[in-house]
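Close look at the chain arrangement
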Amino acid sequence: MVSTLIKIKYLIILSIICLIATAQLSGSVAAKSTSSLFVAHAGINESNRTYILDLLERLQKTKPDGHTIKQLNTKELTLAQIENEISVEKSCIISVGDFALKKILTTRQSAPIFSTQVSKTNLDSLINSYQRFGISLTGIYQEQPFLRQLFLSKAISADISSVGVFFGNKTRYSQPYYQSLAKKQAISLQYFILKHHVSAQNYLERLPINGGFLMILNDERHYSNNDLQSLLLASQRKRIPLIGSKLNDSKIAALASVYTPVEELAKQAAEKIGLICSGSNLPAPTFSNKFKVKVNDNIAKTLGYESLSEEVLARQISTQEQDITHE
């Protein structure tokens, strides 16, 4: 009798365990089958907090029905963990920065990816490298286009006749294109191709820029924060102002920069990834069509440009764009 009761009790416990396991498995399968919109980043810090929080807020309004927004901190997760997360069918990914994008790409999953905060040079290179694996990748380039840097230069100095550019190993392939853009604006492009470990500031005197500006390219190899600080000192000695394509350029070294505001980037990126997650074809990567101008007042004062208005300069850039559109 006692033995029979023990057996019955054991069977009841076994049945309960089976029911719990079945429920957990069903829940796991359900969670796995839920489509997700992943926001992949390398951690939220002071430099990207505003953008990521704004992006997350906007994604709540633009995400397709049936998609759940999930963050992926690619610095904390292993490749296996990331691969397991993003392998969900009909999911999509928006990435922030080089580190997150490269780690996501390493998993070689099929989920479409929309990149932000990555330079044109790096993003185009990654698209070319991974397209043979069938990976769908596009995005908005981190910097503003070189042509808008030229327009900003002309807005500051209408009679500008030359600008200088230092190309690196990757950016040198853009030299013919940049030269053609400058030529159409009646500007002479003076350039120097830097070797791998060469600092730009050491070669500034080799560029025959008479009354012109030096353009800062979005190339971390030769325009890191330390490089920019050194380049600023050299440019002030030579009285050659720097023109940037990102907000950070003006914070460190540029007289003025044309840049993409984070709120506009978040808005455009959220709209684009929402369409992609809904099944739309991936558009080609592009620059943001929205921009602002930032002037570094301290540098402007040092170089004798004390009356620059950011709003006026931005309007003048827009006017120049409209003029070439109607040509």
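Placed above this text is the structure.
A brief report on the enclosed structure follows. (Residues numbered from 1 in each chain as written. Predicted model: local features only at pLDDT ≥ 70, side-chain atom pairs only at ≥ 80, totals over all residues. Heavy atoms only, no water.)

**Some details on the state of the cysteines**
Here the structure, examined in full by the defined rule, presents one disulfide. In this model Cys92 forms its disulfide with Cys277; the gap between the sulfur atoms is 1.7 Å. In this structure, the disulfide formed by Cys92 and Cys277 twists by about 100 degrees around the S-S bond and is classed as right-handed. Linking Cys92 in strand S3 (residues 92-96) with Cys277 in helix H10 (residues 262-277), this pair joins segments that are 185 residues apart in sequence. Judged by relative accessible area, Cys92 falls into the buried class, the value being 0%. By relative accessible area, which is 11% here, Cys277 ends up buried. (Disulfide = S-S within 2.5 Å. Helix = DSSP H or I, 4+ residues; strand = E, 2+ residues; numbered from the N terminus. Buried < 20%, exposed > 50% of the residue type's maximum accessible area, 1.4 Å probe, protein only.)

**Notes on the environment of Val163**
Within the fold, Val163 resides in strand S6 (residues 162-167). Residues Val163 and Phe213 lie 50 residues apart in sequence; the distance between their C-alpha atoms is 4.9 Å. Setting aside chain neighbours within four positions, we find Val163 in contact with Leu150, Ser153, Ile187, Ser188, Leu189, Gln190, Ile209, Phe213 and Met215. (Contact = heavy atoms within 4.5 Å.)

**Some thoughts on the side chain of Thr116**
Following the sequence through the fold, Thr116 ends up in strand S4 (residues 113-118). The exposure class assigned to Thr116 is buried, which follows from its relative accessible area of 0%. Polar side-chain contacts of Thr116 include one of 2.8 Å to the backbone oxygen of Ser95. Setting aside chain neighbours within four positions, we find Thr116 in contact with Tyr51, Ile94, Ser95, Val96, Gly97, Ile140, Leu265 and Ala269. (Polar contact = N/O pair within 3.5 Å; in protein donor to acceptor, adjacent residues only side chain to side chain.)

**Quick notes on the sheet that holds S4**
Backbone hydrogen bonds hold the strands of a sheet together, and the pairing may be parallel or antiparallel. The sheet built from five strands is open, its strands ordered S2-S1-S3-S4-S5 with parallel pairing. Both outer strands of the open sheet, strand S2 (68-73) and strand S5 (137-141), are each paired with one neighbouring strand and no more. The sheet shows a mean angle of 20 degrees between the axes of neighbouring strands, direction not considered. Direction of pairing for strand S1 (residues 36-41) relative to S2: parallel, over a ladder of six bridges. Note on S2: the bridge partner recorded for Val39 is Gln71. Against the sheet, helix H5 (residues 120-130) engages S4 and S5, with an angle of about 175 degrees to S5. (Pairing = 2+ DSSP bridges. Axes fitted to C-alpha atoms, helices over the stretch in contact; angles between N-to-C directions.)

**Observations regarding empty space enclosed by the protein**
Summed over all chains, the structure comprises one cavity of 30 Å³ or more. Of the volumes computed, that of the largest cavity is approximately 30 Å³. Taken together, Ile86, Ile93, Ile104, Leu105, Thr107, Arg108, Gln109, Ala111, Ile113 and Ile135 make up the full set of residues lining the largest cavity. The residue inventory of the lining of the largest cavity, partitioned by class, reads seven nonpolar, two polar and one charged. (1 Å grid on protein atoms, 1.4 Å probe; cavity = no way out; pocket = protein on both sides within 12 Å on 5 of 7 lines; lining within 4 Å. Points joined across faces, edges and corners; volume = space filled by probe spheres on them. Nonpolar A, V, L, I, M, F, W, Y, C, P; charged D, E, K, R; others polar.)

**A closer look at the pattern of salt bridges**
Counting across every chain of the model gives six salt bridges. Between Lys120 and Asp124 there is a salt bridge, and its shortest N-O distance comes to 2.7 Å. A residue pair is termed a helical-turn pair when its members lie 3 or 4 positions apart in one helix, as Lys120 and Asp124 do in helix H5 at four residues. According to the relative accessible area criterion, Lys120 is partly exposed, its value standing at 30%. The partner of Asp249 in a salt bridge is Lys246, and the shortest N-O contact between them spans 3.1 Å. Judged by its relative accessible area of 1%, Asp249 is buried. (Salt bridge = Lys/Arg side-chain N within 4 Å of Asp/Glu carboxyl O.)

**Considering unusual backbone geometry**
For Arg108, which is not a glycine, the phi torsion comes out positive at approximately 55 degrees. Even without glycine at this site, Arg239 takes up a positive phi of about 60 degrees. Considering the arrangement of structural elements, one finds Arg239 in the loop between helix H8 (225-238) and strand S9 (242-244). A residue is classified by how much of its surface remains accessible, and Arg239, at 48% relative accessible area, is partly exposed.

**A look at the pairing of strand S7 (residues 188-193)**
Note that S6 and S7 share six bridges and pair parallel. Following the sheet pairing, Gly164 is matched in S7 by Gln190. Tracing the backbone out of S6, into helix H7 (residues 175-184) and back to the parallel element S7 gives a crossover that is right-handed. (Right-handed = clockwise from strand over helix to strand, strands pointing away.)

**Here's the deal with H5**
Owing to its 3.6 residues per turn, the α-helix brings residues three or four apart onto one side. Listing the buried residues of H5 in full gives Asn122, Leu123, Leu126, Ile127 and Tyr130. Projected down its long axis, H5 carries its buried residues within an arc of 135 degrees, all on one side. Against the buried residues of H5 lie helix H4 (98-106), S4 and S5. (Arc of directions from axis to C-beta.)

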